[in-house]
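Structural features, examined
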Amino acid sequence: MRLFYIFTSLVVFIKCESFSKPNIVFIVADDLGWGDVTFHGSDQIMTPNIDTLAYQGVIIPQYYADSRGTASRSALFTGKYPIRTGTQGVSIAHAEDRGLPATEYLLPQHLRELGYTTHLIGKWGLGISREHYLPSNRGFDTFYGFLGNSVDYYTYNHVETWNDTVFYGLDFFNDFEPIEDQRGHLTDVLTERAVKLIRNHDVSTPLYLHISHAAPHIGGGYVNLQPPEELIAANEHIAHSARRLYAGLVTGLDRSIGHIVSALAEMELLNNSIIVLVSDNGAASTGLNRNFGSNLPLRGTKGTPWEGAVRTTAVIWHALIPYKIWPGLFHVTDWMPTLIAAAGGSFNETIDGIDQWNAITKDEPPPREDLLVTLDDLKDYAAFRQGNYKIIVGNVDPKTSGYYGMELKKFRLPSFSYENVLLSCDTARVFKETLNIKLNLNTVARTRNMSNLYRQINLTNIEEDLCIPTNAKGCLFDLSVDPAETNDLWSSHPDLVQHMVLRLRMYWAAINPRHKPKPDPRANPALRDFIWFPWLDNEENVSKALQAFPSFPLQVSAGELQYLVEFNLNAFKDSLTNYVKSSTDAIKENIAKLFSF
C-alpha cells in the first residue's frame, strides 16, 4: 500500500509543473512537553493528528531547539546561533527595546526570492518596539497574530508587570492594523485564518505558511491556562486539575493540525506539501509561569540547559519521504538551509545551520556532528553537544534541574482507547480517503515503542546526588546511554572535558552580550489606546550603559591550561608542516619549469 501511495504521489508530482517547488507548512507549538505527545509513549494526552504525521513521516528524536522562545525562533529564521544576534537567554519582553536585528536576512525573505508566497500566523516574539522588527517588514507577505510572547486566549491582551508598574493592552494584529473586533478561542482563531489562507491560495505560486501557535503556553493575562470548555471535558480522565487544563490546550493544538491537513487535501495541495511540526522549547513544568506540561523522562524544565528544555518534539512529513525514525542530530538553525534546499535553492552564506535535506530524503550520512545546545550570559551557563556527549558548565539552579511531572501522571478515570482515537482523527481520515494510505497498527506500536525513552530510563532508580554544574566543575553525560542525564562522566573523561570546554570557550568569546531586560516607560499601551504598538522610530538611539564582557562561567583548571598549551603547540606544528610542504611543492614546480622536467 505504501509503495502504491508513493507511486501515485510521484505521478501527481511529475504531472503538476506548478508544484515543482513544494509548499511548506511549518507549525510551531509553544512550550510543548516532550512527554505530552502520544507517539513518544504518553498514554495520558492524546495527540492523534500529530502522531499520524509522525507515523507516516520522519521522526527526529535528536532535535534541539534553544531553551527559550525568542532564542529558538531567532535561530530558526536566521540559521544562526542566538549568540550571534544577541537574542540568547530570556525572551524579549513587550516593554523592552530589543529585537532580532533588522540587518538579518530571514528565511521568509529567502523563500520569497524563490517565488514563494509567505504568511505568518500566530506568535512573532522577535521584537515589538520598532517597526523594522515587525514580521511584515521581515519577509512575510501577511501577518496575522500577536507580536510578543503571549496573550490572553480570549481577549488577546497582554499584561506585563515590572516591579510595581503594570502595562496592559491588546496585542493582536493584521499586518500593522490592530484587530479589535475578533472573538473566539485563540487556537481556533489562528486555525481558521490558516484554513482560509490555504483555501484562497493561488496555486501558481508555492506556499510558505508559518503557523506559530500560542498553545500550550500559558495565557498572557492574569489567567494562565485557558482551553475551550469542551476540551477540558475531553481530558476528564486526568486527575490533576491544572494538568487537565494544559491537556485541553494540547488537544486544541492537535485538533488544529487535523483541520490544516484537511484544508490542504481539500485544495489538492497535500501531495506536494512539506509539513513540519516542532516545539520551540520544552514545557515550563515548574516556576512562576508553569503550564503543567511534562518533559518526562527528560530532565529539567524550560529555560535551563537540561534535555527537557532543549530536546523537543520534531516531525517532518512529505508524500515522497518514506517514514522513518531519523538517527541524526538536527538543530533549529538547520531549518534555514534545509528548507531552502527543499525549495530548490542554494545557500552559501556563513551560518551555523547545516543543510540536512539530502540526509533526510536520500539517507545520506547525517552531516551534523556537534551543536551549541544553549548559552545564557546573564544566567551564566552554557551547554554543548559533540557526538553522543553533552557538557554543561556554569551556575544552574538546582530547583529547575530535576524531573518534574511525576505527580501529573495520575488518572481519575479510564483513558480513551488510543487506537480508536488515532484511526478516527482528521489526519488519518484524510490520508486514507485522499492519499489511499492506512495506518498499520503493528507499525504504529513498533514506532511508538522505539520513540518511548521510558524504555531505556528507569526514573525510580535515579540517585539523589545528581550532578549540578557550578563555577568550579561542570557535568558531562553520554546521551546515547543516558538521555536522562543521571551519570556524570566529568572526572572519568578529562581529555574529552578539556576539549569540549575549549569549544565552549570559543563560542563564549564570540557572543553578542546581552543587557539585562529593562522596561521603557514609553512602551505603556495606555499611551496608545491600550494597544501594544511600536513606540520608537527605527533610527532613534536609546543609550544603554556599557557593560563588561561576561566572564566564562567555569574556573580554569591546571589540566585545561596544559591541554590548551598542547593544543596550540600541535596547531602551530600542523600549520608549520603545511607551510613547509606547500613551499616545497612550489619550489619543485618552479625548478621543473626552469629546467623543463
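An account of the accompanying structure is given in this report. Every chain is numbered independently, its residues counted from 1 as its sequence is written. At least 70 in pLDDT is required for a residue's local features to be given in this predicted model, at least 80 for side-chain atom pairs to be given and counted, and no such filter applies to totals for whole chains, interfaces and linings, which use all residues. Note that water and hydrogens are dropped before the side-chain values are worked out from all heavy atoms of the structure.

1. Topic: the overall build of the protein chain
The condition that has to hold: Only DSSP runs of H or I reaching four residues or more are called helices, and only runs of E reaching two or more are called strands; each is numbered from the N terminus. Only protein chains enter the accessibility calculation, which uses a 1.4 Å probe; a residue is then buried when its area is under 20% of its type maximum, exposed when over 50%, and partly exposed in between. Working rule for contacts: check all heavy atoms of both residues, and any pair within 4.5 Å makes them a contact. Throughout, the Shrake-Rupley method with a 1.4 Å probe supplies accessible areas, and for residues the shown protein chains are the sole cover considered.
A count of helical and extended segments in the protein chain gives 16 helices and 18 strands. The buried share of the protein chain, taken over its 597 residues, is 58%. Pairs at least 24 apart in sequence give 75% of the contacts found in the protein chain among residues at least 6 apart. On the protein chain, roughly 24,600 Å² of surface is accessible, and the fraction owed to carbon and sulfur atoms is 53%.

2. What to know about the side chain of His-185
Rules: In the analysis that follows, any N or O atom pair within 3.5 Å is treated as a polar contact, provided that within protein one partner can donate a hydrogen and the other can accept it, and provided that, for residues neighboring in sequence, both atoms belong to side chains.
Here His-185 lies in the loop between strand S9 (177-178) and helix H6 (186-199). Residue classification places His-185 among the buried residues on the basis of a relative accessible area of 5%. Within the structure, the side chain of His-185 is placed 2.6 Å from the backbone oxygen of Gln-226, a separation counted as a polar contact. Once you skip the residues sitting within four places of it in the chain, His-185 turns out to touch Tyr-153, Tyr-154, Gln-226, Pro-227, Pro-228 and Leu-249.

3. Some points on the state of the cysteines
Put simply, the test is: Whenever a pair of cysteine sulfur atoms sits within 2.5 Å, that pair is classed as a disulfide.
Scanning all chains against the criterion turns up one disulfide. Between Cys-467 and Cys-475 runs a disulfide, and the two sulfur atoms are separated by 2.0 Å. Across the S-S bond of Cys-467 and Cys-475 the torsion is about -90°, and the bridge reads as left-handed. With respect to class, Cys-467 is no different from Cys-475; both count as buried.

4. Points about the packing of H6 against helix H8 (residues 241-266)
Quick note on the threshold: Throughout, an axis means a line fitted to C-alpha atoms (over the contacting stretch in the case of helices), and angles, computed between N-to-C directions, take values from 0 to 180 degrees. Angle categories are assigned with fixed cut-offs, so that under 35 degrees is roughly parallel, over 145 is roughly antiparallel, 65 to 115 is roughly perpendicular, and the rest are oblique. Polar here means any residue outside two lists: the nonpolar Ala, Val, Leu, Ile, Met, Phe, Trp, Tyr, Cys and Pro, and the charged Asp, Glu, Lys and Arg; Gly therefore counts as polar.
Where H6 contacts H8, the two axes come as close as 9 Å, and the packing angle between them is 10°. With respect to each other, H6 and H8 are oriented roughly parallel. In contact with Thr-187, Asp-188, Thr-191, Ala-194, Val-195, Ile-198 and Arg-199 of H6, H8 contributes Gly-252, Leu-253, Arg-255, Ser-256, His-259, Ile-260, Ala-263, Leu-264 and Glu-266. Of the residues that constitute the contact of H6 with H8, the class distribution is seven nonpolar, five polar and four charged.

5. Some thoughts on the sheet that holds strand S11 (residues 273-279)
Under the convention used in this document: DSSP-based pairing: two strands are paired if at least 2 bridges between them are found.
Sheet architecture is open: ten strands sit in the order S9-S8-S5-S4-S10-S1-S11-S12-S2-S13, paired in mixed fashion. Edge positions in the sheet fall to S9 and strand S13 (324-325), since each has one partner strand and no second. Two strands pair when backbone bridges link them, and strand S1 (residues 23-29) and strand S10 (residues 207-212) are joined in this way by five bridges, in the parallel orientation. Looking at S10, one finds that Ile-27 is bridged to Ile-211. Lying over the sheet, helix H2 (residues 48-56) contacts strand S2 (58-59), S11 and strand S12 (314-317), oriented at roughly 65° with respect to S12.

6. Some details on the sheet that holds strand S16 (residues 381-386)
Neighbouring strands of a sheet are bound in pairs by backbone hydrogen bonds; such pairs are parallel or else antiparallel. One open sheet accounts for four strands, arranged S15-S16-S17-S18; its pairing is antiparallel. Because the sheet does not close on itself, it has two edges, and the strands there are strand S15 (370-376) and strand S18 (475-478). Sheet twist, expressed as the mean angle between neighbouring strand axes with direction ignored, is 10°. As paired elements, S15 and S16 share six bridges and run antiparallel to each other. Bridge pairing in S16 places Leu-372 opposite Phe-384.

7. Re the pairing of strand S6 (residues 157-162)
Pairing geometry for S6 and strand S7 (residues 165-170), over six bridges, is antiparallel. When the sheet's bridge partners are listed, Thr-161 is paired in S7 with Val-166.

8. A word on the layout of surface pockets
Stated formally: Cavities and pockets were defined on a 1 Å grid built from protein atoms only: a cavity is a group of points that admits a 1.4 Å probe but offers it no way out, a pocket is an open group of points flanked by protein on both sides within 12 Å along at least five of seven lines, and a lining residue is one with an atom within 4 Å of any such point. Grid points are joined across faces, edges and corners, and a volume is the space filled by probe spheres set on the points.
One number sums up the size of the largest pocket: a volume of about 1,400 Å³. For the largest pocket, the lining is made up of 44 residues, of which Arg-68, Val-90, Leu-288, Asn-289 and Lys-302 are closest to its centre. A total of five residues in the lining of the largest pocket trace back to one element, the largest contributor, which is S6. Here the residues of the lining of the largest pocket are counted per class, giving 13 nonpolar, 21 polar and ten charged.

9. Thoughts on the packing of aromatic side chains
The criterion, for reference: The criterion for an aromatic pair is that two Phe, Tyr or Trp rings (for Trp, the six-membered ring) have centres within 6.5 Å, with stacked assigned to planes under 30 degrees apart, edge-to-face to planes over 60 apart and tilted to the rest. Look at NZ for Lys and CZ for Arg. If either is within 6 Å of the ring centre and within 35 degrees of the ring normal, a charge sits over the ring.
With the rule as written, the count across this model stands at 18 aromatic pairs. For the pair Trp-326 and Phe-330, a centre-to-centre distance of 6.3 Å together with 75° between the ring planes defines the contact as edge-to-face. Here Phe-330 falls in the buried class, since its relative accessible area comes to 0%. Three or more aromatic residues link up through ring pairs in this structure, and these residues are Phe-26, Tyr-63, Trp-326, Phe-330 and Trp-335. The cationic tip of Arg-448 hangs over the ring face of Tyr-418; the distance from NZ or CZ to the ring centre is 4.3 Å.

10. A look at the pattern of salt bridges
Our working rule: Salt bridges are defined by distance alone: a side-chain nitrogen of Lys or Arg within 4 Å of a carboxyl oxygen of Asp or Glu.
In this structure the tally under the stated criterion is 25 salt bridges. As a salt-bridge pair, Arg-199 and Glu-266 come within 3.1 Å of each other at their nearest N and O atoms. Of this pair, Arg-199 sits in helix H6 while Glu-266 sits in helix H8, and the two are 67 residues apart along the sequence. Note on Glu-266: relative accessible area 46%, which makes it partly exposed. Arg-522 is the salt-bridge partner of Asp-520, the closest N and O atoms lying 3.0 Å from each other. With relative accessibility at 36%, the residue Arg-522 sits in the partly exposed group. What you see here is one network of salt bridges that share partners, running through Asp-30, Arg-73, Lys-123 and Asp-280.

11. A look at empty space enclosed by the protein
Taken as a whole and judged by the stated rule, the model has two cavities of 30 Å³ or more. Roughly 70 Å³ of volume is contained in the largest cavity. Contributing to the lining of the largest cavity are 15 residues, with Val-28, Arg-73, Leu-76, His-210 and Ser-212 lying nearest its centre. Mapped onto the lining of the largest cavity, the elements with two or more residues apiece are helix H3 (69-78), strand S4 (117-123), S10 and S11. The greatest single-element share of the lining of the largest cavity, amounting to four residues, is contributed by H3. Classifying every residue of the lining of the largest cavity by side-chain character gives eight nonpolar, four polar and three charged. A volume near 30 Å³ is recorded for the second largest cavity. Counting only elements with at least two residues in the lining of the second largest cavity, the list comes to helix H4 (82-85) and S15. Counting residues per element, the lining of the second largest cavity draws most heavily on S15, which supplies four residues.

12. Details of helix H10 (residues 335-342)
Judged by how many residues are buried, H10 sits mostly within the fold: seven of eight residues are covered. For H10, every residue scored as buried is listed here: Trp-335, Met-336, Pro-337, Thr-338, Leu-339, Ile-340 and Ala-342. Looking one or two places after H10, you find Gly-344, whose phi comes out positive at around 90°.

13. Topic: the nonpolar core
Nonpolar side chains in soluble globular proteins generally cluster together in the buried interior. In plain terms, the rule: Only buried residues count toward a nonpolar core, which is a set of Ala, Val, Leu, Ile, Met, Phe, Trp, Tyr and Cys residues joined through side-chain atoms within 4.5 Å.
Of all hydrophobic cores here, the largest spans 122 residues; its most connected members are Leu-270 and Trp-335. Aside from chain neighbours lying at most four places away, what touches Trp-335 is Phe-26, Tyr-63, Leu-76, Val-276, Val-278, Ile-316, Phe-330 and Ile-340. Membership of the second largest hydrophobic core comes to 36 residues, among which are Leu-372, Ala-383, Ile-391 and Cys-467.

On their own, these measurements won't tell you what the molecule is for.
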